[in-house]
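Chain by chain, the residues run as shown.
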Amino acid sequence: RWLPELQRRCGVAGERLSDTGLASEGQVLRAVLYAYHSRLLRHRPFLALQQVEQCLKRLWKMNLVGCIETLADVIPKKDTSQANAECLVPSQPMLETVALKVLGGCKLVLRLMDCCCKGFLLSVKHLCSEEFILWNTVVLGLLSRLWFVIQYRCVLQSLMSLYDVLLKALHLVSETQQMPYIKGFTFPSDISNFLGVNICSEMKKQKKTLTRKPTSWLKKLFPAMPEATSETGRKRSFATCVNALKKRCPYPTDIGEPVL
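An unreviewed UniProt entry annotates the chain as NEPRO protein originating from Upupa epops.

Draft legend 1. Quick peek at the overall build of the chain. Secondary structure summary: the chain contains eleven helices and zero strands in total. Mapped from its N terminus to its C terminus, the chain presents α and β elements in the order α-α-α-α-α-α-α-α-α-α-α. A buried classification covers 38% of the 260 residues belonging to the chain. Expressed as a percentage of contacts within the chain between residues at least 6 apart in sequence, the contacts between residues at least 24 apart total 84%. As displayed, the chain offers around 16,200 Å² of accessible surface, 56% of which is attributable to carbon and sulfur atoms.

Draft legend 2. Spatial organisation of the nonpolar core. Grouped together as the largest cluster of nonpolar side chains are 67 residues, with contacts concentrated most on Leu-6, Val-102, Leu-159 and Leu-166. For this core, the secondary structure elements donating two or more residues are helix 1 (2–17), helix 2 (20–35), helix 3 (44–61), helix 4 (64–74), helix 5 (92–128), helix 6 (133–152), helix 7 (155–176) and helix 8 (191–195). The residues contacting Leu-159, other than those within four sequence positions of it, are Ala-13, Leu-17, Leu-64, Ile-68, Val-102, Gly-105, Cys-106 and Val-109.

Draft legend 3. Here's a closer look at the pattern of salt bridges. All chains considered together, the criterion is met by six salt bridges. Close ionic contact of Asp-114 with Lys-118 constitutes a salt bridge, the shortest N to O distance being 3.3 Å. With a gap of four residues between them, Asp-114 and Lys-118 both fall in helix 5, about one helical turn apart. Look at Asp-114 and you get partly exposed, because its relative accessible area is 22%. Each of the salt bridges in this network shares a partner with another, and the network as a whole consists of Glu-5, Arg-8 and Arg-9.

Draft legend 4. Region of the structure containing helix 3. Look at helix 3: 26 Å from first C-alpha to last across 18 residues, which is about the 26 Å you get at 1.5 Å a residue. Those residues of helix 3 lying buried are Pro-45, Phe-46, Ala-48, Leu-49, Val-52, Glu-53, Cys-55, Leu-56 and Leu-59. Remark: Asn-63 follows helix 3 within two positions and exhibits a positive phi of approximately 55 degrees.

Draft legend 5. The arrangement of the state of the cysteines in detail. Using the criterion set out here, one finds zero disulfides in the structure. In this structure Cys-10 is not part of a disulfide, and its nearest cysteine sulfur, from Cys-67, lies 9.2 Å away. On the accessibility criterion, Cys-10 (2% relative accessible area) is buried. Of all cysteine sulfurs in the structure, the one in Cys-115 sits closest to Cys-55, which takes part in no disulfide; the separation is 4.2 Å.

Draft legend 6. Region of the structure containing helix 4. What helix 4 keeps buried is the set Leu-64, Val-65, Cys-67, Ile-68, Leu-71 and Ala-72. Across the axial projection of helix 4, the buried residues extend over an arc of 165 degrees, all falling on one side.

Draft legend 7. Inspection of the environment of Phe-120 at higher detail. Structurally, Phe-120 can be placed in helix 5. The sequence separation of Phe-120 and Pro-45 amounts to 75 residues, and the corresponding C-alpha distance is 8.0 Å.

Draft legend 8. Spatial organisation of the packing of helix 4 against helix 5. Look at helix 4 against helix 5: their axes get within 10 Å of each other, and the N-to-C directions meet at 145 degrees. Crossing hand, helix 4 versus helix 5: left-handed. Listed contacts from helix 5 to Leu-64, Cys-67, Thr-70, Leu-71 and Val-74 of helix 4 are Met-94, Leu-95, Val-98, Lys-101, Val-102 and Gly-105. Residues that form the contact of helix 4 with helix 5 fall into these classes: eight nonpolar, two polar and one charged.

Draft legend 9. Seen up close, unusual backbone geometry. The residue Asn-63 is not glycine, and still its phi comes out positive at about 55 degrees. Within the secondary structure, Asn-63 sits in the loop between helix 3 and helix 4.

Draft legend 10. Layout of the packing of helix 2 against helix 3. Between helix 2 and helix 3, whose axes approach to 10 Å, the crossing angle comes to 135 degrees. In terms of orientation, helix 2 lies oblique with respect to helix 3. Handedness of the crossing formed by helix 2 with helix 3: left-handed. Between helix 2 and helix 3, the contacting residues are Leu-22, Gly-26, Leu-29, Arg-30, Val-32 and Leu-33 on the first element and Phe-46, Leu-49, Gln-50, Val-52, Glu-53, Leu-56 and Trp-60 on the second. For the contact of helix 2 with helix 3, the class distribution of residues is nine nonpolar, two polar and two charged.

About the cut-offs
- The residue numbering used here restarts from 1 in each chain and proceeds along that chain's sequence as written.
- Given that this is a predicted model, residues contribute local features only at a pLDDT of at least 70 and side-chain atom pairs are listed and counted only at 80 or more, while totals for whole chains, interfaces and linings are drawn from all residues.
- In computing side-chain values, all of the structure's heavy atoms are included and hydrogens and water are not.
- Numbering of helices and strands starts at the N terminus; helices are DSSP runs of H or I of at least 4 residues and strands are runs of E of at least 2.
- The buried label goes to any residue with under 20% of its type's maximum accessible area, the exposed label to any with over 50%, and the partly exposed label to all in between, with areas taken from a 1.4 Å probe on protein chains only.
- In this description, contact between two residues means that some pair of their heavy atoms is separated by no more than 4.5 Å.
- Per-residue and other accessible areas follow the Shrake-Rupley method at a 1.4 Å probe size, with only the shown protein chains counted as cover for residues.
- Working definition of a nonpolar core: buried Ala, Val, Leu, Ile, Met, Phe, Trp, Tyr and Cys residues. They are joined through side-chain atoms within 4.5 Å.
- Any Lys or Arg side-chain nitrogen found within 4 Å of a carboxyl oxygen on Asp or Glu counts as a salt bridge.
- For a helix, the expected span equals 1.5 Å multiplied by the number of residues minus one.
- Note on terminology: disulfide denotes any pair of cysteine sulfur atoms within 2.5 Å.
- Of all possible arcs, the one meant is that of the directions from the helix axis to the C-beta atoms.
- Fitted lines through C-alpha atoms serve as axes, helices being fitted only where they are in contact, and the angles separating the N-to-C directions of these axes extend from 0 to 180 degrees.
- With the far helix as reference, a near helix turned anticlockwise by less than a right angle produces a left-handed crossing, and one turned clockwise produces a right-handed crossing.
- All amino acids are sorted into three groups, where Ala, Val, Leu, Ile, Met, Phe, Trp, Tyr, Cys and Pro are nonpolar, Asp, Glu, Lys and Arg are charged, and the leftover types, Gly among them, are polar.
- Put simply, angles under 35 degrees are roughly parallel, angles over 145 are roughly antiparallel, angles from 65 to 115 are roughly perpendicular, and the rest are oblique.

Right, here's the structure in full:
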């Protein structure tokens, strides 16, 4: 009875992990880090972005998608109609291996979301200080999109749901035939306690941080101008701003263009 549910959960988790949006955001992240590596090596938002990239790299290297797909291929496709009919099921070593990788994947996804949130706040802080405006604006968009892909596609929730079914299957298989493979580790019965945080409240808190109304720091960066300002006054204000920037920093820096 649990085989079709296990196969369905494997398909959902594998599909969400192999989402094209998550892969494309990771490629953009690596390209931005490569382009600015020599100029912003000790910049704090750059270091935070490197931590995000490190989490993504570890998530791909553990080959969680391939492991889940292998398990889904082993599960019989046809349902048995008779109550006492026998069928082949995944072995205990395979279920333990996949369950352990799912636990590690949940930890990595949670760490990835936390790094995205911290990097976002650091970029906002440096943007308010008028440091590397163009760079920090790009980082803000990149981190918010990456976090949104993870949250919108419900990557963490799908992995947690898959672990619950895996644990039930593991108990049933171990009762039938004891073949322990991973020793010295007890699989947690409640994955929320294992992760150490309340997932729902943590996601709501991070979502509130990333979707906060940008009134304070946007007004600080781009003060509102009266609508009745003439074209001559706008050009004069633009020239004054450019001259002030040149006097403050005679060397070309990443400051973007003033918004009129």
